[in-house]
Amino acid sequence: MMRATLVIAASLAASATAHAGHHHCHAVANVVGYPRCTRFGDWARPMSATFEVGASSLRFPMPSPAASVAAVRDGVATTYQLHAADPVATGTGFELRAGLAFSRTWYVVNQWEFAPVTGSAPVRVDATARGATTTSDAATGGFVVQSALLVGMHRRFGAWSIAAEAGPGVRDLYPIVDGLPDSTAIPRQIGYVAVQPKLDYWLSPSLSIGLGASLASDSGFGAGLVVGAHLMPYDMSR
Amino acid sequence: MSSRAAGAARRILHDVTRTWWLLLVAAAGGCNEYHAGSFTSIRDRWPGERVALPCFDVAVAAHREPGVDGPVVRYSFGNRCEHDATLDLAAAHVVARDVDGREQALDVVDPGGELHAVAVPARVWGSEQLSYAPARGAAVAQLCVDVGALERAGDAAPRWLCSALEGAR
């Protein structure tokens, strides 16, 4: 899924570039009514690419790093039983978005969020070795990467635009449990569907600042503030 | 996170952010938007005579084009309004003036019926070249274009722009 979204992001960038390019064709003259490489009114056909960067804050379900893991520690076979105290974590990081508007209203956007996990609760760890069990709390952290492919619709009202976006996403969690072997922290991949409203203010026809909120089907929540650059004025939106 | 995964993530992040920043800077410069009164686009400075209509800045340049029978007029235009404006290039009246000062109205050549009024989004620019039926009689020295009716919402009062026909024969 992560690779797929990378490919989509590359495709979006390629589409934006291709829009400005020309196909191989034979033109007598670039005059209406004669064979040529463009059509009348091509300059008004809506196609715009958008690139946004900013910060985002996430709150998401944090599954237990691993239910039960056996590992050898200091030459002793040990079984670790992990119990998540609070299955919710938070993280604040940065956000990247690449979008392609294919009509005056509709667009697709590939959204990436990267954040260190900062707000996860410690897990209770039962370590069993040589028949004896000790219980302790271990701090957890890690890294989260979210990628979503969203279909959106937007409408401009003067210097403001409102938008609604929805689509599937995938969240990759790379947990770290302090003081325990690496094998106790297994990366997790969680799919979700997100819905997010967005409000943009146009600083200029090519530059915007946007505030979005995201609600995910697995109870995840996110908010982001991004600065956007638009290859076509106002994304040619209505 | 394993060190290999971390390394790959860092490389992806580096490449993606570098690309994003380059595109951000390019777009933030407003390279592709029309700047009111500039009569220029990212491609070129518009040739010919200029006029400011209520929403459109228009430049008109007449010339001859190899492979094209009649005179060709290049229309360059940019919508300086913050909303859509409708442009109708077929509404332009074109008159050829020959070396003796005689005038003759010319019809636009549009065999495919391509010409139509277009709602041009805010701050968008464009250009089109239209050819006109060859004038009869003496050689054409000058072409005059009435662009007053190009903008649908305008007052349609005549606005004549005349320019020498480059490459006149």
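Described in the following lines is the structure provided in the data block. The model shown is predicted, which means the values in this text are computed figures rather than measured ones.

**Some words on the sheet that holds strand E6 (residues 103-106) of chain B**
Residues and elements named next belong to chain B.
No. 1: Pairing within the open sheet is antiparallel, and its four strands lie in the order E6-E5-E9-E10. Because the sheet does not close on itself, it has two edges, and the strands there are E6 and strand E10 (160-164). Across the sheet, the mean angle separating the axes of adjacent strands is 25° when strand polarity is ignored.
No. 2: Inspection of the sheet shows strand E5 (residues 93-98) paired to strand E9 (residues 140-146) by six bridges, in the antiparallel sense.

**Observations regarding the packing of aromatic side chains**
No. 1: In this structure the tally under the stated criterion is eight aromatic pairs over all chains.
No. 2: Aromatic side chains Phe40(A) and Trp43(A) sit 6.2 Å apart centroid to centroid with 80° between the ring planes, which places their arrangement in the edge-to-face category.
No. 3: Residue classification places Phe40(A) among the buried residues on the basis of a relative accessible area of 3%.
No. 4: What makes Trp43(A) buried here is its relative accessible area of 13%.
No. 5: Arranged with centres 6.1 Å apart and planes meeting at 90°, the rings of Phe39(B) and Trp46(B) form a pair that is edge-to-face.
No. 6: Assessed through its relative accessible area of 3%, Trp46(B) is described here as buried.
No. 7: Among the aromatic side chains, those forming a connected cluster through ring pairs are Phe40(A), Trp43(A) and Phe77(B).
No. 8: For Arg156(A), the ring lying beneath its charged end belongs to Tyr234(A), and the centroid distance is 3.9 Å.

**Description of the pattern of salt bridges**
All names here are of chain A.
No. 1: A full pass over the atoms with the stated rule returns 18 salt bridges over all chains.
No. 2: Residue arginine 45 pairs with aspartate 42 through a salt bridge whose shortest N-O separation is 2.7 Å.
No. 3: Linking arginine 171 and aspartate 218 is a salt bridge whose minimum nitrogen-to-oxygen distance equals 2.6 Å. With arginine 171 in strand E9 (residues 160-177) and aspartate 218 in the loop between strand E11 (207-216) and strand E12 (221-230), this residue pair connects regions lying 47 residues apart in the sequence.
No. 4: Residue arginine 171 is classed as buried on the basis of its relative accessible area of 1%.

Conventions we followed
- Residues numbered from 1 in each chain as written.
- Chains lettered and ligands numbered in written order.
- Predicted model: local features only at pLDDT ≥ 70, side-chain atom pairs only at ≥ 80, totals over all residues.
- Heavy atoms only, no water.
- Pairing = 2+ DSSP bridges.
- Helix = DSSP H or I, 4+ residues; strand = E, 2+ residues; numbered from the N terminus.
- Axes fitted to C-alpha atoms, helices over the stretch in contact; angles between N-to-C directions.
- Phe/Tyr/Trp six-rings, centres within 6.5 Å; stacked < 30°, edge-to-face > 60°.
- Buried < 20%, exposed > 50% of the residue type's maximum accessible area, 1.4 Å probe, protein only.
- Lys NZ or Arg CZ within 6 Å of the ring centre and 35° of its normal.
- Salt bridge = Lys/Arg side-chain N within 4 Å of Asp/Glu carboxyl O.

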